[in-house]
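Working through the structure, step by step
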Amino acid sequence: MTAAREKAREKEYDDIPGTFVFDADRSRQGYYLNMFCMSLMKAENRKAFKANEAEYLERFQMTPEQREAILKRDYNRMLELGGNIYFTAKLGATDGHSFQHIAAVMTGSAQEDYAKMMLAGGRSVEGNRSKSGREARAKPAPRGAAARSASKTGAKSPPRPAAKRGKKAGSKRG
Amino acid sequence: MARIIAGVTSSHVPAIGAAIDLKKTEEPYWKRVFSGFEKSKEWMANAKPDVVIAVYNDHASAFSVELIPTFALGCAAEFPPADEGWGPRPVPVVKGHPALASHIAQSVILDEFDLTIVNKMEVDHGLTVPLNLMFGSPVEWPCPVIPLAVNVVMYPPPTGHRCYMLGRAIRKAVQSYPEDLRVVVMGTGGMSHQISGPRAGLINSKFDKAYLDGLTRDPKKLTRISHLEFMREAGAEGIEMVMWLIMRGALDDKVKEVYRFYTVPASNTAVGHIILENIERKTRRRQPASTRGGAAKEKRAAAHAARRIAVRSKR
């Protein structure tokens, strides 16, 4: 990517942590990836894809990175490369997964833990508003070990007991 | 003259549809959600609208990335349920109201809203789930429904202000339709949720409750919420709450909040629901057509005058 294009990609909403906004650039970049997902609406295509995934993907003019993300079921990478969640969810459905399974995968947590988090009121917005911290309206909770070790795009999970949080540092984000 | 009697907003979480289709509504998890709509179904049965205008968004069902209309008004005679990958939902075909829909299209386009006219379209859970929540699961939907699909999938969706103003243009269009129709406008989607990326699972009840308050009392304040704020505070997909402002714009400035329900979660989403009635023209039980003529009109005018006198004497 050239410097100019890199700069054009700097957007105010990129400051929101753990979020890939499906904007015009991503829509353009991910056109064939999303059209691939759309093709999975048809049973015969689902069958062909499952029979030979790599071969099926050849039908769509995707980049090697996009193909790799699909084959690895790296849902966050798909979003980063222009996939849209309403489209990539069709890939999850083709694999026989519930949406909550895909959501859990994207947050790097076990589905059971993710479901528990939702039942407990979901992921708090506190501490999850802004990467730069500029827009953190309320005082964010003191950052624990888990928060520090979360990846750069990671979002913080609801507060957990300190001991538990320390023990599971790095493995739990949702 | 056609008139808008009330507005309803409701989340359209796909899992709610799945719970209905798989008969899970009595399970404790789902009962918590569905019990919140019991009163709403009663209200709707009582309100008996002649037409519903349903503002919703398509989820890569009717529109892929090939065609992304910002506002698409369904002018067809019917809209079959879409196959979203598991076969079409077992719900009735949505019957449209082509005459009113094309009248609205013509009126709002001349009012400078360049919407897309759709004469063939399948509708997904975004539309059918709220219909289930308000009408239950009848063999046929009790009235025609005009779908208004709004792009909230690709950024940027229309602004909240634009949505609100479109609502006002729709109100004007409905009021200029000659037939005596009682119309309910539904806004769907929301409330706070993010279903994409590592921040998935985000819920912001404080934002949601303030949004519900604002919807009743100060919708113009809500029209100033930026897209950035929606995404930051209510989640990347929570931005779809702009659609509620089309409903609100179609109502009078002052409305009566008759019902509200809020619960977390349904799957990954905060469920919010509100019913707002236009004050001057209260929802009333439909009378037989024969008694809706001059006499009933006079009676209403007298009652209206009496109310105004009562208000004055209170001052």
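The structure we're discussing is the one just above.
Residues numbered from 1 in each chain as written. Chains lettered and ligands numbered in written order. Predicted model: local features only at pLDDT ≥ 70, side-chain atom pairs only at ≥ 80, totals over all residues.

With respect to the overall build of chain A
In terms of regular secondary structure, chain A is built from 12 helices and zero strands. Sequence-ordered secondary structure for chain A, helices as α and strands as β, is α-α-α-α-α-α-α-α-α-α-α-α. Expressed as a percentage of the 174 residues in chain A, the buried residues total 37%. (Helix = DSSP H or I, 4+ residues; strand = E, 2+ residues; numbered from the N terminus. Buried ≥ 20, exposed ≤ 12 C-beta atoms within 10 Å, placed from the backbone.)

Points about the overall build of chain B
The secondary structure content of chain B amounts to 11 helices and 10 strands. For chain B, restricting intrachain contacts to residue pairs at least 6 apart in sequence, the fraction spanning at least 24 positions comes to 82%. (Contact = placed C-beta atoms within 7 Å.)

Section: helix 3 (residues 38-47) of chain B
All names here are of chain B. All of the buried residues along helix 3 are Ser40, Met44 and Ala47. Seen from one end, helix 3 has its buried residues packed into an arc of 65°, which puts them on one side. With respect to the buried face of helix 3, the exposed residues turned more than 90 degrees away are Glu38, Glu42, Ala45 and Asn46. Of the residues one or two after helix 3, Lys48 is the one with positive phi, at around 40°. (Arc of directions from axis to C-beta.)

Let's talk about the sheet that holds strand 8 (residues 182-188) of chain B
Residues and elements named next belong to chain B. Taken in spatial order, the eight strands of this open sheet run 6-3-7-2-8-1-10-9, and their pairing is mixed. Bordering the open sheet on either side are strand 6 (116-118) and strand 9 (255-266), each of which pairs with just one other strand. Between one strand and the next, the sheet's axes are offset by a mean angle of 20°, whatever the strand orientation. The sheet contact formed by strand 3 (residues 71-74) and strand 6 spans three bridges and is parallel. Note that in strand 6 the partner of Leu73 across the bridge is Ile117. (Pairing = 2+ DSSP bridges. Axes fitted to C-alpha atoms, helices over the stretch in contact; angles between N-to-C directions.)

Let's talk about the nonpolar core
Residues and elements named next belong to chain B. In this structure, Ala54 and Met243 are the most contacted members of the largest nonpolar core, which totals 129 residues. Counting residues per element, this core draws most heavily on helix 6 (residues 160-175), which supplies eight residues. Those residues within four positions of Met243 in sequence are excluded, and the remaining contacts are Val55, Tyr56, Asn57, Val150, Val152, Cys163, Gly187, Thr188 and Gly189. (Core = buried A, V, L, I, M, F, W, Y, C linked by C-beta atoms within 7 Å.)

Comments concerning the packing of helix 3 (residues 31-39) of chain A against helix 8 (residues 85-94) of chain A
All names here are of chain A. Helix 8 packs onto helix 3 with a crossing angle of 45° between their chain directions and a minimal axis gap of 8 Å. In terms of axis orientation, helix 3 runs oblique to helix 8. Both helix 3 and helix 8 take part in a crossing whose hand is left-handed. Contacts between helix 3 and helix 8 involve Asn34, Cys37 and Met38 from the first element and Phe87, Thr88, Lys90 and Leu91 from the second. Among the residues making up the contact of helix 3 with helix 8, the classes are represented as four nonpolar, two polar and one charged. (Parallel < 35°, antiparallel > 145°, perpendicular 65-115°, else oblique. Left-handed = near helix turned anticlockwise from the far one by under 90°. Nonpolar A, V, L, I, M, F, W, Y, C, P; charged D, E, K, R; others polar.)

Describing the interface of chain A and chain B
Between chain A and chain B, the residue contacts involve 46 residues of the former and 28 residues of the latter. Counting residues per element, the ones that place at least two in the side of chain A that touches chain B are helix 3, helix 7 (75-80), helix 8, helix 9 (99-107) and helix 10 (111-119) of chain A. For the side of chain A that touches chain B, the residue count by class is 24 nonpolar, 15 polar and seven charged.

Brief notes about the environment of Lys254(B)
All names here are of chain B. By the element assignment, Lys254 lies in the loop between helix 10 (244-250) and strand 9. A count of 11 C-beta atoms within 10 Å places Lys254 in the exposed class. Sequence separation between Lys254 and Glu277 is 23 residues; the distance between their C-alpha atoms is 9.0 Å.

Quick notes on the pairing of strand 1 (residues 3-10) of chain B
Every other side chain in a regular strand lies on the same face of the sheet, so the side chains alternate between the two faces. Residue and element names in this part refer to chain B. The element strand 1 is extensively covered by neighbouring structure, given that seven of its eight residues are classed as buried. Relative to strand 10 (residues 269-278), strand 1 runs antiparallel, the two sharing five bridges. Bridging across to strand 10, Ser10 finds its partner in His273.

Some words on unusual backbone geometry
Negative phi values dominate among residues other than glycine, just as trans dominates among peptide bonds. Residues and elements named next belong to chain B. The residue after Gly190, namely Met191, is reached through a cis peptide bond having omega 0°. Along the chain, Met191 falls in the loop between strand 8 and helix 7 (205-217). Across the junction of Val264 and Pro265, the peptide omega takes the value -10°, indicating a cis bond. With respect to the secondary-structure elements, Pro265 resides in strand 9. A positive phi is found at Lys48, a non-glycine position, where the angle reads about 40°. By the secondary structure assignment, Lys48 is in the loop between helix 3 and strand 2 (51-56). Look at Lys48 and you get partly exposed, because 15 C-beta atoms sit within 10 Å.

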